Amino acid sequence: MGDPVVPAKGNILGTLIPARYILAVLGSIAMAIIYGLKVNLSVAMVAMLNHSALAHHGAVSVDEKVHVNAEPVCQGSNSTEAVEDGPFIWSEPVQGIILSCYFWGYLVSQVPGARVAESFSARWVMFFSVLINVVCTLLTPVAAKMHYVAMIVMRVGEGIGGGVTFPAMHVMLASWAPPNERSVMSAIVYAGTALGTVISMLMAGVLAGTLGWESVFYVMGGLSCLWMVLWLWLIQDTPSKQPLISQEERDLITSSLGSGSASGHGGEPKPPVPWRKVFTSGPFYGILIAHVCNNWGWYMLLIELPFYMKQVLQFNIKENAVVTAIPFLTMWFFSMALSKTLDALRSRGKITTTIARKTATFIASAVPMGCLLALCYIGCQRGLAVTLMTVGITAIGGMFCGLLSNHIDIAPNYAGTLMAITNTAATLSGIIVPIFVGQITHGNQTIGAWRVIFFVTIALYILEIIAYLLLASGEEQPWNKGDKPASSIEAAEAEATPLNTKESKQSYNGQEQ
């Protein structure tokens, strides 16, 4: 049976902003919280480690590297600045495990979380995702003082909560985002990852440098609690369940999504996932390959950029936090502008959805690839290095309205499950990147070592561009309706389509203009 339609109480949410954009904004804040609580450790760990003790015991820490190559690190004005010691003597392998173990939990929770979100409630899945991350973050200082194994347990818990966020938000967007607003709404939601990274890196650097490393976890975890109240108060799974919405907006969403969507308005439950057709679909593999390769570059910059800035370019912790965070802020602005531009062109019939997705994904891979290539040969020119990294990370924002929106295009009924599959595979990058970088730079923290790392990333970007341009599509796939015969699908669509659908869509497109 379909969900009962809750009577609209007037345009309560839409007085200032439509209900669907309330969802997008709160979804963006949720992604900011998840990513913020994930990356804060990358900055806080610099203040948590006892660098003097690690150097004394012959361990190689994140700040004390033994340079054995002829090509040394850059000599900046801050290269001789003393680093204040923290309490923990964690060797480099332990540091790598603590940073990467987040993805152990992230890896295993996505597909189960997606199925729960599609079958039960994406709203509640998102709520518990943030709740788990907040609890684990608040307990991190206590766990770290107990033993690094307890720290690992907290990070795995955060990963389990974080793993369900993308699939759950895909389910929400499939139910709430009209096709001609899909790029913008997806970009608003997923650009929250960049916004959370910016805020987290800046706050973590300031808090660790002034109030101590424990404050990073207590302050950021505590502030995140407000979101949970707003989410339960203002958000529902579908427009039909939302009482705080105008009837006009509800009609606009339902008429634009139609019967093939996952909007939850129909009288029948969604058919089971057609696994065989999914895994023989070219457009699905285009998204899968692009997601894996793009995530390698994303995690390379997200996790390892603070260490590159400190170890090679010799920025101190406060400079490091600012310089590392700025590119993610510009990424947020760029993703908003690009998504709005592409949606405007689509609504006017200038480009197809396929072209929009391929354009955004090409920008998100070709530009950072070029910047990494240039970074390999500029040496210790710190200003130019910062400029290149800023441009490269900014361009990655194209993925939010590119490949990350594409699952909803090809199969809105299974958008959460498809996102879970591709993101699970892409999460392997998050596990491999810290280990790969640690192996390459162990005892060899030089520009030459990082050049090898950058070339591997460039090769994966080339693979992403080729695969996505050849395989990707923005059109709904026939298997979105499940394994039903084509004749029964056409009959169901004809019966479910109201007589005024054409007029409704014309009205909707008119509003977009």
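Here the structure is a predicted model, which means the values were calculated and not measured.

A.B. asks: Just checking my understanding: could you explain the overall build of the chain for this structure?
C.D. replies: Along the chain, the regular secondary structure elements total 21 helices and zero strands. Of all intrachain contacts in the chain linking residues separated by at least 6 positions in sequence, the fraction that spans at least 24 positions is 86%. About 19400 Å² of surface is accessible on the chain, with carbon and sulfur atoms providing 68% of the total.

A.B. asks: Help me understand the packing of aromatic side chains in this model?
C.D. replies: Each pair of aromatic rings is reported with the distance of its centres and the angle of its planes. One pass over the structure, following the stated rule, counts 23 aromatic pairs. Here the aromatic rings of W213 and F217 are separated by 6.3 Å at their centres, their planes lie at 75 degrees, and the arrangement is edge-to-face. Taken together, the residues span about one helical turn, with W213 and F217 both in helix 9 (residues 213-223) at a distance of four residues. Their ring planes at 70 degrees and their centres at 6.3 Å tell us that Y377 and F455 sit as a pair that is edge-to-face. Of this pair, Y377 sits in the loop between helix 15 (353-375) and helix 16 (382-396) while F455 sits in helix 19 (residues 447-471), and the two are 78 residues apart along the sequence. A residue is classified by how much of its surface remains accessible, and Y377, at 57% relative accessible area, is exposed. Members of the aromatic cluster, connected to one another through ring pairs, are Y35, F166, Y190, W298, F328 and F400. Between K38 and the ring centre of Y35, over which it is positioned, the NZ or CZ distance is 3.8 Å.

A.B. asks: How should the nonpolar core be read in this particular structure?
C.D. replies: One broad rule of soluble globular proteins: the nonpolar side chains tend to lie buried together. M48, W90, W231, Y308 and L375 are the most contacted members of the largest nonpolar core, which has 134 residues in total. Counting residues per element, this core draws most heavily on helix 1 (residues 19-48), at 18 residues. Other than its neighbours up to four places away in sequence, L375 contacts Y308, A385, L388, M389 and F454. Of all hydrophobic cores here, the second largest spans six residues; its members include L342, A356, A360 and C401.

A.B. asks: Help me understand the side chain of T427 in this model?
C.D. replies: Residue position: T427 is located in helix 18 (residues 415-441). Within the structure, T427 has its side chain in polar contact with the side chain of Q110 (distance 3.1 Å). Residues within four places of T427 in sequence aside, it is in contact with F103, Y106, L107, Q110 and N295.

A.B. asks: What is the right way to read a nonpolar patch on the surface from this model?
C.D. replies: A surface patch of nonpolar side chains, amounting to about 660 Å² of accessible area, comprises W275, F279, Y285, I462, I466, L470 and L471. If you tally residues by element for the nonpolar patch, the top one is helix 19, at four residues. Mapped onto the fold, L471 is located in helix 19.

A.B. asks: Where do I start with the pattern of salt bridges in this structure?
C.D. replies: Overall, the coordinates contain nine salt bridges when judged by the stated rule. Here D409 makes a salt bridge to R182, at a shortest N to O gap of 3.2 Å. Separated by 227 residues along the polypeptide, D409 in helix 17 (residues 403-410) and R182 in helix 7 (residues 182-190) bring together distant segments of the chain. Assigned by exposure class, D409 and R182 land together as buried. Connected through salt bridges with shared partners, the residues R20, E181 and E249 form a single ionic network.

A.B. asks: Looking at this structure, I do not really get the side chain of T390. What am I missing?
C.D. replies: Looking at the element boundaries, T390 is found in helix 16. By relative accessible area, which is 16% here, T390 ends up buried. Contacts of T390, omitting those with residues within four sequence positions, involve P327 and T330.

A.B. asks: Looking at this model, I keep getting lost on the packing of helix 7 against helix 8 (residues 192-210). Mind explaining?
C.D. replies: A pair of packed helices can be characterised by two numbers: the angle between their axes and the separation between those axes. The N-to-C vectors of helix 7 and helix 8 enclose an angle of 25 degrees; their axes lie 4 Å apart at closest approach. Judged by the inter-axis angle, helix 7 sits roughly parallel to helix 8. Note on element contacts: helix 8 touches helix 7 through G192, T193 and A194, opposite I188, V189 and Y190. When grouped by side-chain class, the residues that make up the contact of helix 7 with helix 8 number four nonpolar, two polar and no charged.

A.B. asks: When you look at the packing of helix 3 (residues 92-100) against helix 4 (residues 102-146) in this model, what are you seeing that I'm missing?
C.D. replies: Relative to each other, helix 3 and helix 4 sit at 30 degrees, their axes nearing to 4 Å. As summarised for this structure, helix 3 and helix 4 are arranged roughly parallel, according to the angle between their axes. Each of I97, I98, L99 and S100 in helix 3 lies in contact with helix 4, whose residues at this interface are Y102, F103 and W104. Grouping the amino acids of the contact of helix 3 with helix 4 by side-chain chemistry returns six nonpolar, one polar and no charged.

A.B. asks: Before we go on, may I ask you to explain the confidence of the model for the chain in this structure?
C.D. replies: Regions with low pLDDT should not have their predicted coordinates read in detail. In this model, the chain carries an average pLDDT of 82, and 80% of its residues clear a pLDDT of 70 or more. Scored below 50 in pLDDT, residues 259-267 makes 30 contacts in the model with residues more than four places away or belonging to other chains. Scored below 50 in pLDDT, residues 486-513 shows 21 contacts in the model against residues more than four places distant or in partner chains.

A.B. asks: Teacher, can you tell me more about the environment of P478 here?
C.D. replies: Among the structural elements, P478 can be located in the loop between helix 19 and helix 20 (486-496). Each C-alpha atom of the pair P478 and K277 lies 9.3 Å from the other, and the pair is 201 residues apart in sequence.

Rules behind the numbers
Residues numbered from 1 in each chain as written. Predicted model: local features only at pLDDT ≥ 70, side-chain atom pairs only at ≥ 80, totals over all residues. Heavy atoms only, no water. Helix = DSSP H or I, 4+ residues; strand = E, 2+ residues; numbered from the N terminus. Contact = heavy atoms within 4.5 Å. Areas by Shrake-Rupley, 256 points an atom, 1.4 Å probe, with all protein chains shown as cover. Phe/Tyr/Trp six-rings, centres within 6.5 Å; stacked < 30°, edge-to-face > 60°. Buried < 20%, exposed > 50% of the residue type's maximum accessible area, 1.4 Å probe, protein only. Lys NZ or Arg CZ within 6 Å of the ring centre and 35° of its normal. Core = buried A, V, L, I, M, F, W, Y, C linked by side-chain atoms within 4.5 Å. Polar contact = N/O pair within 3.5 Å; in protein donor to acceptor, adjacent residues only side chain to side chain. Patch = residues over 30% accessible without salt bridge, like charges linked within 9 Å, V, L, I, M, F, W, Y side chains within 5 Å. Salt bridge = Lys/Arg side-chain N within 4 Å of Asp/Glu carboxyl O. Axes fitted to C-alpha atoms, helices over the stretch in contact; angles between N-to-C directions. Parallel < 35°, antiparallel > 145°, perpendicular 65-115°, else oblique. Nonpolar A, V, L, I, M, F, W, Y, C, P; charged D, E, K, R; others polar. pLDDT = per-residue confidence, 0-100.

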